[in-house]
Amino acid sequence: MVIGELLEIGKTLIEGRDYIDPILESILVLSNLLEVDKSYIYIHLDEEVDRETEEKFIHIMEKRSHGYPLQYIFGEWDFMGLPLHVEEGVLIPRPETELMVEYIIEYISKYHRNEDIKVLDIGTGSGAIAISIGKYCPRTRVYGTDMEDIPIRVANINRNRYGLSNVSFYHGNLFEPLEDIGIDGEAQIIVSNPPYIRSEDMSTLQVEVREFEPKSALDGGRDGLDYYRKISIGGKRYLRPGGMLIYEIGYDQGKDVENILREQGFTCISILKDLQGHDRIVLGFLK
Ligand code: GLN
């Protein structure tokens, strides 16, 4: 079969799904398989494709027709300008999280420019937050934790890809794996993008997220706030006085998370908005 015919099949397979440009996605997948640019595809519509690639392409587009995320198909996604390996079992890095990382990088370069500081990333997933901070702020020492196996393996792949000896990952529940490494009271920043979807809202997420992304990275318990409570309580042991705790939150969780931080004795609490004008980040400082 030639490229043009394959694209037609791909398009037909995924047509009618929400959030999808069927022809563009078919081109993206095929160019990825053939290891050529998108533009190559446009000008070689009559080129013959070998049987194996043809079968792979159709198999992928069938998966895609059930909502399988493109990012898992490619096995790679960009975060803060850094291509990262992603696979099933880790949350796909999202643009709203980049906003939080940009804020942290700016904060470090403003207030801790020439210091060796420690940063903890709780629930690191693909390692996106930890790796981008470690890469762009080379004097930080970053500790990422995750309670699942796959994220720790994936985060290490990404860390090694950028050769970051200042970033390490620890397997275990929240702060547990940090208990015996002797960094109590030493972290300048604790960051987390924890699971924050209310359990009852899990079924309303778009199919790509609901069916294929890890529930353990999304479900934040009955009111979606379980992890904000746990991390705000547990984090105090590891923060320095004046250290910052910073969270990504759901658009309607600003006030609730602010209250949790206040109850735990944090001060100078702020809520920051994303580009759509929704509350997206809450931060506070340990007294
Ligand atoms: N932003 C994610 C979503 O789209 C949620 C991520 C999380 O729970 N931390 O659904």
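Coordinates for the structure precede this section.
Residues numbered from 1 in each chain as written. Predicted model: local features only at pLDDT ≥ 70, side-chain atom pairs only at ≥ 80, totals over all residues. Heavy atoms only, no water.

K.L.:
Please provide a residue-by-residue account of the pairing of strand 6 (residues 187–192), values included.
P.N.:
In terms of burial, strand 6 is a largely internal element, six of the six residues being buried. Summarising the sheet, strand 3 (residues 117–122) and strand 6 pair through four bridges and their orientation is parallel. When the sheet's bridge partners are listed, Val119 is paired in strand 6 with Ile189. Summarising the sheet, strand 6 and strand 7 (residues 239–248) pair through five bridges and their orientation is parallel. (Buried < 20%, exposed > 50% of the residue type's maximum accessible area, 1.4 Å probe, protein only. Helix = DSSP H or I, 4+ residues; strand = E, 2+ residues; numbered from the N terminus. Pairing = 2+ DSSP bridges.)

K.L.:
Talk me through the side chain of Arg64; I want residue IDs and the actual numbers.
P.N.:
Relative to the elements of secondary structure, Arg64 occurs in helix 4 (residues 51–65). Only 2.8 Å separates the side chain of Arg64 from the backbone oxygen of Tyr68, close enough to count as a polar contact. For Arg64, the residues in contact, after removing those within four places along its chain, are Ile14, Arg17, Ile20, Glu25, Pro69, Leu70, Ile73 and Glu208. (Polar contact = N/O pair within 3.5 Å; in protein donor to acceptor, adjacent residues only side chain to side chain. Contact = heavy atoms within 4.5 Å.)

K.L.:
Give me the lowdown on a nonpolar patch on the surface, citing residues and values where you can.
P.N.:
The grouping of Ile23, Leu24, Tyr42 and Ile43 at the surface amounts to a nonpolar patch, some 390 Å² of accessible area in total. Mapped by element, the contributors of at least two residues to the nonpolar patch are helix 2 (22–34) and helix 3 (38–43). Its relative accessible area of 67% is what places Ile43 among the exposed residues. (Patch = residues over 30% accessible without salt bridge, like charges linked within 9 Å, V, L, I, M, F, W, Y side chains within 5 Å. Areas by Shrake-Rupley, 256 points an atom, 1.4 Å probe, with all protein chains shown as cover. Salt bridge = Lys/Arg side-chain N within 4 Å of Asp/Glu carboxyl O.)

K.L.:
For helix 8 (residues 149–161), give the residues involved together with the corresponding values.
P.N.:
Relative to the 18 Å expected for 13 residues at 1.5 Å per residue, helix 8 spans 19 Å between its end C-alpha atoms, a close match to the ideal helical length. Listed in full, the buried residues belonging to helix 8 are Pro151, Ile152, Val154, Ala155 and Asn158. What you see down the axis of helix 8 is that its buried residues fit within an arc of 170 degrees, all on one side. What points out from helix 8, more than 90 degrees from its buried face, is the exposed set Asp149 and Asn160. If you follow the buried residues of helix 8, they end up packed against strand 2 (82–85), helix 7 (128–136), strand 4 (140–146) and strand 5 (167–171). Positive phi appears at Gly163, one or two residues downstream of helix 8, with a value of about 55 degrees. (Expected span 1.5 Å × (residues − 1). Arc of directions from axis to C-beta.)

K.L.:
Go over the packing of aromatic side chains, please, and point to the residues and values.
P.N.:
Going through the model one piece at a time under the given rule, you end up with seven aromatic pairs. With centroids separated by 6.1 Å and ring planes inclined at 20 degrees, the aromatic side chains of Tyr143 and Tyr170 adopt a geometry described as stacked. With Tyr143 in strand 4 and Tyr170 in strand 5, this residue pair connects regions lying 27 residues apart in the sequence. Residue class for Tyr143 comes out buried when judged on its relative accessible area of 6%. Taken together, a centroid distance of 5.2 Å and an interplanar angle of 10 degrees make the contact between Phe175 and Tyr238 stacked. Of the two residues, Phe175 is situated in the loop between strand 5 and strand 6 and Tyr238 in the loop between helix 10 (226–235) and strand 7; the sequence distance between them amounts to 63 residues. For Tyr238, a relative accessible area of 2% puts it in the buried group. Over the face of the ring belonging to Tyr143 we find Arg141, whose NZ or CZ atom lies 4.5 Å from the ring centre. (Phe/Tyr/Trp six-rings, centres within 6.5 Å; stacked < 30°, edge-to-face > 60°. Lys NZ or Arg CZ within 6 Å of the ring centre and 35° of its normal.)

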